[in-house]
Amino acid sequence: MFDNGWDAGLDDPQLAAATHGDAPLIILAGAGTGKTRTLTARVASLIDRGVPPERILLLTFTRRAADDMLSRAAAMCTQPEAARRLQGGTFHAVAHQLVSRHTESLGLPAEMSVLDRADSVDAMDLLRHDHGLAGQDSRMPNPSALIDLYSRAVSTGTPARKLIATDFPWLETHTDAIVGLFRAYTTRKRERGLLDFDDLLLAWRSLLDDPVLGPELAGRYDHVLVDEYQDVNQTQVDIVLGLRPTGRGLTVVGDDAQAIYAFRGSDSNHLINLGAAFDDPTIISLERNFRSRQRLLDLANAVRPVAAGHRLQLHSRRDGGHRARLVRCHDAPAEARAIAEAVLAHAADGRRLRDQAVLMRTGHHSDLLEVELTARQIPYVKFGGLKFLEAAHVKDLVATLRVASNRVDEVAWYRLLRLHDGIGPARARELLPIVAAADLSGDWVADAVAAAPAMSRVSLASTLDGIGQARGRGRVADRAATCLAALRPLVVARYADSVARLGDLDRLVAAAALAPDLAAFVAELTLDPPASTSDLAGPPHLDDDYLVLSTVHSAKGLEWPIVHVMHLVDGAFPSDMALTSNDGLLEEQRLFYVAVTRAADELALYAPLRMPHHRFGRDDKHSFAQISRFIDDDAMKVMDVLDLVPVREVAAVAPRSARVRMPELDDLWA
Ligand SMILES: Nc1ncnc2c1ncn2[C@@H]1O[C@H](COP(=O)(O)OP(=O)(O)OP(=O)(O)O)[C@@H](O)[C@H]1O
């Protein structure tokens, strides 16, 4: 029956999921159990069953995941040309496409820009002056705190007044001003075609709620498949239910133990509760892990968080190999040396560097390790931490491209204006009504230049001329190149290392040139930012061999034969920010579970038993560190221990493995 390849090698539950009919399907899949493979096979099987590819929608959390799955599914089925017709992408990217097509119905201007968090902070900064919320007083909420409050209200659907009273009481004296500011902020964004990430999802949900448009939009699809459902927020749940109100044709895949985005408003309970929304859901659990050796899964099963979730017990047919190993090191420099030496030892055994990854809770944890790797000439690539799009020069170009596509994008103008010597925030605010006016009249360039300080006039005139020319260019490639030409002198004047930065910008403009539409390119870049310029150019050359350093968040969904996880001490992993809240700790535990399930063959967890007091401190004060609370007695039973420290120190810092604990004493120093 199945001679097209998509069923090849699937185990029974995977095959059942791939060939399931139209009733709502919930696939609960543990780590490494082949979620991606199963979803891909299901898409291919749907096409072979006769579902037109354009009536299948696949929603994922990264663009790359959607592209990979759709192209693989198309290659596996009998219609290889289906790849072009299949619909898919991230929730936000699909929302952006839809919203761009329905701007009129939504009362939005035709030209739109997408705001990331930093842009939203700028937008709030611009408006708070009009609401008496700017000033030197330290009790005044800063724009970043205001955006946090605003997003929390939106993502949880809680009125701002209530939220201030319960969660932000120190802002209570400003309640009226804040509520007024938020009202103005919402109106202003709408007028200027500025949409933040939440707005995109809310707009999609509103379109689906509309009695005329909603059924038409939902009726475009026969099947909607959602990956990583444990990471959806309430608005995304509403969108999914709006697309498939009865659940017919809905497939979701998720693992509640891998939910790691609560800080963005996600809630793994949505996966746990979904079944109750339908009459006849089919639930399939995938528990056979195809990635890791059983000895490593013994640890994964021991540390898998079970709070309120589904009990999955992973098993593998891959025997042999070593148990997971806990490596206790004297301090952080010793940990860095131990990791570098282990990496080299595996390389000497014939492993490529690319077969290994070092994972960390937070990007800066690898500071010392990077020094060590550089000294030993071990090439590495780092993922996570500062994103490429957060680099100042990249944001400068994105702002330039945005004003060339949406002339009234005052947030982008605000950034661009401040790149000119002599124009600070106050001057920029004065110039905005001229350059970002909704109804341009007369010679706006001359007016803006005349209003600018004398020292800025020459460069401002040249930037504004350049942008005017860019807007007149029809081809995307010409428009992007003209924008960069306008920005180039500002980058040279502003950044000491401008040559390297301009190299990045050239690559970005080259990538833009391939896009059919500049505004869509910029929106996509903002919604799913590349980690580096090499991401824009596709994967690095195959001959390159390098070690991967990655935050656990960025390692989600990936796998390596050998994985080293560092800084496994309380305060680092779990992060000290999470130590005071139960929800925070649970999220850290899920993050730990993601980390330990990335390894196929070997897993080493490193714990430096002394940590410096201050990351950038000038002194060398250290204190004893407690081995991560996630490595508890059950975990220790399935691990080997390697001590790179004197026995005396181990005894001092490892009471968690003691059979009898004295919590009342321990807790005093927690
Ligand atoms: N039926 C199968 N036969 C052989 N290998 C498989 C099978 N299904 C999945 N695999 C392999 O198992 C590994 C894990 O699969 P995949 O990445 O799809 O898992 P996942 O459930 O998305 O994992 P995670 O949630 O941990 O990221 C991959 O190397 C994949 O090729």
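Residues numbered from 1 in each chain as written. Predicted model: local features only at pLDDT ≥ 70, side-chain atom pairs only at ≥ 80, totals over all residues. Heavy atoms only, no water.

1. Let's talk about the packing of helix α5 (residues 117–128) against helix α8 (residues 175–192)
Now for step 1: Axis separation between α5 and α8 bottoms out at 10 Å; the angle between their running directions is 120 degrees. The angle between the axes of α5 and α8 places the two elements in the oblique class. Crossing of α5 against α8: the hand is right-handed. Residues Ser120, Ala123, Met124, Leu127 and Arg128 of α5 form the contact with α8, whose participating residues are Leu181, Phe182, Ala184, Tyr185 and Arg188.
Now for step 2: For the contact of α5 with α8, a count of residues per class yields 7 nonpolar, 1 polar and 2 charged. (Axes fitted to C-alpha atoms, helices over the stretch in contact; angles between N-to-C directions. Helix = DSSP H or I, 4+ residues; strand = E, 2+ residues; numbered from the N terminus. Parallel < 35°, antiparallel > 145°, perpendicular 65-115°, else oblique. Left-handed = near helix turned anticlockwise from the far one by under 90°. Contact = heavy atoms within 4.5 Å. Nonpolar A, V, L, I, M, F, W, Y, C, P; charged D, E, K, R; others polar.)

2. Some details on the confidence of the model for the chain
Now for step 1: Mean pLDDT for the chain: 85, with 89% of residues reaching 70 or above.
Now for step 2: Here residues 537–543 scores under 50 on pLDDT; set against residues more than four positions off or in separate chains, the count is 3 contacts.
Now for step 3: In the model, residues 653–670 has pLDDT below 50 throughout and makes 19 contacts with residues more than four positions away in sequence or in other chains.
Now for step 4: Reported confidences for the modelled complex are a pTM of 0.80 and an ipTM of 0.96. (pLDDT = per-residue confidence, 0-100.)

3. Remarks on the site of the ligand
Now for step 1: As a structural note, the neighbourhood of the ligand is formed by 17 residues, with Gly9, Lys35, Arg291, Glu559 and Arg598 the closest of them.
Now for step 2: Between the ligand and Arg37, the relevant distance is 3.4 Å, taken from a nitrogen atom to a side-chain nitrogen or oxygen of the residue.
Now for step 3: Measuring from an oxygen atom of the ligand, one finds a side-chain N or O atom of Glu559 at 2.6 Å.
Now for step 4: Expressed as a share of its isolated accessible area of 640 Å², the protein-covered part of the ligand is 80%.
Now for step 5: Top element by residues in the shell around the ligand is helix α2 (residues 35–48). It accounts for 3 residues.
Now for step 6: Of the residues that constitute the shell around the ligand, the class distribution is 3 nonpolar, 9 polar and 5 charged.
Now for step 7: Split by domain, the shell around the ligand shows at least three residues from each of two domains, domain 1 (12–97 + 200–286) and domain 3 (294–386 + 541–669). (Near = heavy atom within 4 Å. Polar contact = N/O pair within 3.5 Å; in protein donor to acceptor, adjacent residues only side chain to side chain. Areas by Shrake-Rupley, 256 points an atom, 1.4 Å probe, with all protein chains shown as cover. Domains from an automatic or database assignment.)

4. Section: the sheet that holds strand β12 (residues 547–551)
Now for step 1: Pairing is parallel in the open sheet, where 7 strands are placed in the order β11-β12-β10-β13-β14-β9-β17. Strands with a single pairing partner mark the edges of an open sheet, and in this sheet they are β11 (380–383) and β17 (639–644). Neighbour to neighbour, the strand axes of the sheet diverge by 20 degrees on average, direction disregarded.
Now for step 2: Bridge count between strand β10 (residues 356–360) and β12: 4 bridges; the pairing is parallel. The residue bridging Ala357 from the neighbouring strand is Val548, located in β12. (Pairing = 2+ DSSP bridges.)

5. A look at the environment of Asn406
Now for step 1: Within the secondary structure, Asn406 is located in the loop between α16 (392–405) and α17 (410–417).
Now for step 2: In this structure Asn406 comes out as buried when scored by relative accessible area, which is 0%.
Now for step 3: Distance in space between the C-alpha atoms of Asn406 and Ser113 is 6.7 Å, their sequence separation being 293 residues. (Buried < 20%, exposed > 50% of the residue type's maximum accessible area, 1.4 Å probe, protein only.)

6. With respect to the packing of aromatic side chains
Now for step 1: Evaluation of the coordinates by the stated rule reveals 8 aromatic pairs.
Now for step 2: Between Phe168 and Trp170, the ring centres sit 5.6 Å apart and the planes meet at 50 degrees, which makes this aromatic pair tilted.
Now for step 3: Judged by relative accessible area, Trp170 falls into the exposed class, the value being 59%.
Now for step 4: Members of the aromatic cluster, each reached through a chain of ring pairs, are Phe61, Phe91 and Trp204. (Phe/Tyr/Trp six-rings, centres within 6.5 Å; stacked < 30°, edge-to-face > 60°.)

7. Here we look at the side chain of Gln356
Now for step 1: Mapped onto the elements of the fold, Gln356 is located in strand β10.
Now for step 2: On the accessibility criterion, Gln356 (0% relative accessible area) is buried.
Now for step 3: A polar contact is formed between the side chain of Gln356 and the backbone oxygen of Val343, at a distance of 3.2 Å.
Now for step 4: Not counting residues within four places of it along the chain, the set of residues in contact with Gln356 comprises Ala342, Val343, His346, Ala347, Leu547, Val548, Trp560, Ile562 and His564.

8. Some remarks on the pattern of salt bridges
Pairing is possible between side chains of opposite charge, provided their charged atoms come close.
Now for step 1: For the coordinates displayed, the defined rule picks out 42 salt bridges.
Now for step 2: The partner of Arg49 in a salt bridge is Asp22, and the shortest N-O contact between them spans 3.7 Å. With Arg49 in the loop between α2 and β2 (56–60) and Asp22 in the loop between α1 (12–19) and β1 (25–29), the pair connects residues that are 27 residues apart, well separated along the chain.
Now for step 3: Look at Arg49 and you get partly exposed, because its relative accessible area is 39%.
Now for step 4: The partner of Arg418 in a salt bridge is Asp122, and the shortest N-O contact between them spans 3.5 Å. With Arg418 in the loop between α17 and α18 (425–435) and Asp122 in helix α5, the pair connects residues that are 296 residues apart, well separated along the chain.
Now for step 5: For Arg418, a relative accessible area of 23% gives the class partly exposed.
Now for step 6: Shared partners join several salt bridges into a network, and the residues in it are Asp116, Asp119, Lys395, Arg402 and Asp409. (Salt bridge = Lys/Arg side-chain N within 4 Å of Asp/Glu carboxyl O.)

9. Things to note about empty space enclosed by the protein
Now for step 1: In this structure the tally under the stated criterion is 4 cavities of 30 Å³ or more.
Now for step 2: In this model, the largest cavity occupies a volume close to 90 Å³.
Now for step 3: Every residue lining the largest cavity is counted, 11 residues in all, and those nearest its centre are Asp119, Lys395, Val398, Ala399 and Arg402.
Now for step 4: At the level of elements, α16 and α17 are the ones that each hand at least two residues to the lining of the largest cavity.
Now for step 5: For the lining of the largest cavity, the element with the highest residue contribution is α16, accounting for 4 residues.
Now for step 6: In terms of residue class, the lining of the largest cavity is made up of 5 nonpolar, 1 polar and 5 charged.
Now for step 7: Every residue along the wall of the second largest cavity is listed here: Met112, Ser113, Val114, Arg402, Ser405, Ala519, Val522 and Ala523. (1 Å grid on protein atoms, 1.4 Å probe; cavity = no way out; pocket = protein on both sides within 12 Å on 5 of 7 lines; lining within 4 Å. Points joined across faces, edges and corners; volume = space filled by probe spheres on them.)

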